[in-house]
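What follows is the residue order along each chain.
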Amino acid sequence: MAVHTRSVFDRVKEAISMGLVIFSLAMVMGLIFTQQTKISSESHPAVAFVVIWLAIIWLTMIEGGQAAIVGLVSVKRQLYKDSHPTAFTITGITNSGDNLDRYLLGRQFMVVLTVFVVNQCGSPLPGAELWGLPSILTNIFLVTGLAMVLFTCVIGQLNSQVNGCHCMLDYVSNYFALFTLYVAMAIEFSGVLHASYLIQMLVAWLAGKPVESKEDPRTPVQAVFFWFRCLFSVALLCFAFAVTIAAIVQGKTTMWEGCPSAVSVIVFLVLMSFVGLLEGMQIAFFAVIKVTKEQRGESYIAKKVCDILFRGEGRNLPAFMVGRQICVVTIMFVVARITSLSIVPGEGNNLFGVSDTMQNLFNTGLLGALITTIVGSIAWQLVASIFPIAFLSNPMTYIFLRICLFLESTGLCAGAWVLAEIHAKIAHFQRDEAYIGTAEERAAKNYADDEEQLGLGPGHPRKLPTSIENAPESLKKLLRKDPAVMEYIASIRKMDAGQVEHTEDEDKSDH
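Here is a short report on the structure shown in this document. Along each chain, residues carry numbers from 1 onward, in the same order as the chain's sequence is written. Per-residue local features are limited, in this predicted model, to residues with pLDDT of at least 70; the limit for side-chain atom pairs, both in listing and counting, is 80 or more; totals at the level of whole chains, interfaces and linings are taken over all residues. For side-chain calculations, the full set of non-hydrogen atoms in the structure is used, while hydrogens and water are omitted.

### Points about helix α16 (residues 366-386)
We count it as follows: Every helix listed is a DSSP run of H or I at least four residues long, and every strand listed is a run of E at least two residues long, numbered separately from the N terminus. To estimate the expected span of a helix, count its residues, drop one, and scale the result by 1.5 Å. Residue burial is assigned from relative accessible area. The probe radius is 1.4 Å, only protein chains are included, and a residue is buried under 20% of its type maximum, exposed over 50%, and partly exposed in between.
Compared with an ideal rise of 1.5 Å per residue, which puts 21 residues at 30 Å, α16 spans 29 Å between its outermost C-alpha atoms and is within 8% of the ideal. Burial analysis of α16 places 17 of its 21 residues in the buried class, which makes it a mostly covered element.

In structure tokens form, the structure reads like this:
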């Protein structure tokens, strides 16, 4: 199970956080059963109850599964072939060719869509009240969306990421994880997200860097099928924008009453930029972990960001990831409210005069999820993967880093550790070391991890894990005492990769 050493202060924050999460959970369920959410009011509370819990449970696998699958990429698969056959099957798929990128692309859409579904099932309708609670509590938990954020982040995301990082094999060695993988791959195969590949090519071209691939060049038939899906995706994205903007302008979304249409459009675009910035930040931070201070450029902002991020024992890096999760989910709930259509089919108000069936499709939030995934997430990740230093030089990066660190320091989501422990005990999770040993032990048995399998580089954004504790303890202590060690290790990595030329003195010493 996941191990996490906590102080008394940490325990207090966890207790407070769990209290807030339980209260938030009660409020969300209360809203559903009093028919004060979109789905419960339009259908039946039981429908909203079942759908929201199915979405949250699936979200735990989407989030935890991603942490586990990416974490297992560099581990030799033979080590767990017999002990975890389903995990072996999963990594056999994701480690083949560019399938990891395909999985991550489809998975990103699944996350956004799931959050949108949770929003429709649990977010309060305008003017919602519950149990005669004081207006101050109603405003804090319902109007601001705090109850939904805690419910989604702590129960649906962070606790699963903790176990997914530490108990990778146990977490994905089941058919639920395999099914989730197949769904993500199917979404990518459908072509709805292929506009992302055009953005990938454009950004790589602007940077003068080729997009690396582990697969052979496409055959003529494969090329035709690929470009057809790209055109289909672009057309679908443009249509999604047309529907969404038209609905916002006409005031036919679930946006709060009294907000002018022009303001709603501006807020929508700004929030999409904020989500993109937060998505790109984690990619940029991942990219600069292995570079020296000199290679981080001359920008004052970039240096300041790196100083904050890697100061002390490096705790700010995982702390940022937690705070970032709170920010992203909060913004996504607002975006979902802005983009979700409130048109009731059959009343003659259908957008563009479409049929009731098509209007029901618009009302699902699929189009808003598509826009958020491609424009508000993947595009920014691709830019950050190719221009990480330029990304860090943005003053907004520094501001959002501070905001994320502050949110994490409040302990709002500290209850995720408690839920992770409970989940691990119920599921009998064990840390991966119990099955395959530590990285040092694997190396001693000639099963050293292969970091090249991660496929890091231009056009291949890889996300940071929520928890970073995999380095040997002796090395971590040395890095804390002398930051120059990290720089030296980074220079060796680059030299091994052929990115740094040997000096004349080094060449002489070799002879």
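### What about the nonpolar core?
The following threshold applies: Nonpolar cores were defined as sets of buried Ala, Val, Leu, Ile, Met, Phe, Trp, Tyr and Cys residues, with membership established by side-chain atoms within 4.5 Å.
V172, M281, F285 and L401 are the most contacted members of the largest nonpolar core, which has 133 residues in total. If one sorts the elements of this core by residue count, helix α14 (residues 316-339) sits on top with 15 residues.

### Looking at the packing of aromatic side chains
This is how it is decided: Two rings from Phe, Tyr or Trp (for Trp, the six-membered ring) form a pair when their centres sit within 6.5 Å of each other. Planes less than 30 degrees apart are called stacked, planes more than 60 degrees apart edge-to-face, and all others tilted. For a ring to carry a charge above it, either NZ of a lysine or CZ of an arginine must fall within 6 Å of the ring centroid while also lying within 35 degrees of the normal to the ring plane.
Per the stated rule, a full pass over the model turns up 13 aromatic pairs. Seen from their ring centres, W53 and F151 are 5.5 Å apart, and the 90° between their planes marks the pair as edge-to-face. On the criterion of sequence distance, the pair formed by W53 in helix α3 (residues 45-72) and F151 in helix α7 (residues 146-166) is long-range, its members being 98 residues apart. Taking relative accessible area as the criterion, W53 reaches 24% and is therefore assigned partly exposed. Of the residues examined, F151 reaches a relative accessible area of 0% and is grouped as buried. What links up through ring pairs into an aromatic cluster is the set Y197, F226 and W227. For the cation-ring pair, R77 lies above F88, with the distance from its terminal atom to the ring centre recorded as 3.8 Å. Its end group placed over the ring of F226, R218 keeps NZ or CZ at 3.7 Å from the ring centre.

### Structural notes on the pattern of salt bridges
Worth spelling out the cut-off: For this analysis, a salt bridge means a side-chain nitrogen from Lys or Arg found within 4 Å of a carboxyl oxygen belonging to Asp or Glu.
Counting across every chain of the model gives six salt bridges. Ionic pairing is found between K38 and E42, a salt bridge with its closest N-O pair at 3.5 Å. Of the two residues, K38 and E42 are both situated in helix α2 (residues 38-42); the distance of four residues between them amounts to about one turn of the helix. Judged by its relative accessible area of 11%, K38 is buried. When its relative accessible area of 54% is taken as the criterion, E42 is described as exposed. Residue E63 is joined to R107 by a salt bridge in which the shortest nitrogen-to-oxygen separation is 2.9 Å. Placement of E63 in helix α3 and of R107 in helix α5 (residues 99-122) is noted, with a sequence separation of 44 residues between them.

### Digging into a nonpolar patch on the surface
Basically, it comes down to this: Two joining distances apply to patches: 9 Å for like charges and 5 Å for nonpolar side chains (Val, Leu, Ile, Met, Phe, Trp, Tyr), and every residue must have over 30% relative accessible area and no salt bridge. Residue burial considers only the protein chains on display, and all accessible areas are found by Shrake-Rupley using a 1.4 Å probe.
There is a patch of nonpolar side chains on the surface, built from F33, F49, V50 and L54 and spanning about 380 Å² of accessible area. Ranked by residues supplied to the nonpolar patch, first place goes to α3 with three residues. Here F49 is to be found in helix α3. For F49, a relative accessible area of 32% corresponds to the partly exposed category.

### Considering the packing of helix α4 (residues 85-94) against helix α9 (residues 175-190)
Short version of the rule: Note on method: axes are straight lines fitted to C-alpha atoms, helices fitted across the in-contact stretch only, with angles between N-to-C directions ranging 0 to 180 degrees. Oblique is the label for every angle not falling under 35 degrees (roughly parallel), over 145 degrees (roughly antiparallel), or within 65 to 115 degrees (roughly perpendicular). Left-handed describes a crossing whose near helix is turned anticlockwise from the far helix through less than a right angle; right-handed describes the clockwise counterpart. When checking whether two residues touch, look at their non-hydrogen atoms; a contact exists if any pair is within 4.5 Å. All amino acids are sorted into three groups, where Ala, Val, Leu, Ile, Met, Phe, Trp, Tyr, Cys and Pro are nonpolar, Asp, Glu, Lys and Arg are charged, and the leftover types, Gly among them, are polar.
α9 packs onto α4 with a crossing angle of 15° between their chain directions and a minimal axis gap of 9 Å. The angle between the axes of α4 and α9 places the two elements in the roughly parallel class. Seen from above, α4 lies across α9 with left-handed handedness. Of the residues in α9, those touching α4 at T86, T89, I90, I93 and T94 are Y175, A177, L178, L181, Y182 and M185. Among the residues forming the contact of α4 with α9, the class breakdown is eight nonpolar, three polar and no charged.

### Quick notes on unusual backbone geometry
With a phi close to 55°, W131 is a non-glycine residue in the positive phi region. Tracing the backbone shows W131 in the loop between α5 and α6 (135-143). Of note, H428 is a non-glycine position whose phi angle comes to about 60°, a positive value. Structurally, the position occupied by H428 is in the loop between α19 (415-427) and α20 (433-436). H428 gets classed as exposed once you look at its relative accessible area, which sits at 63%.

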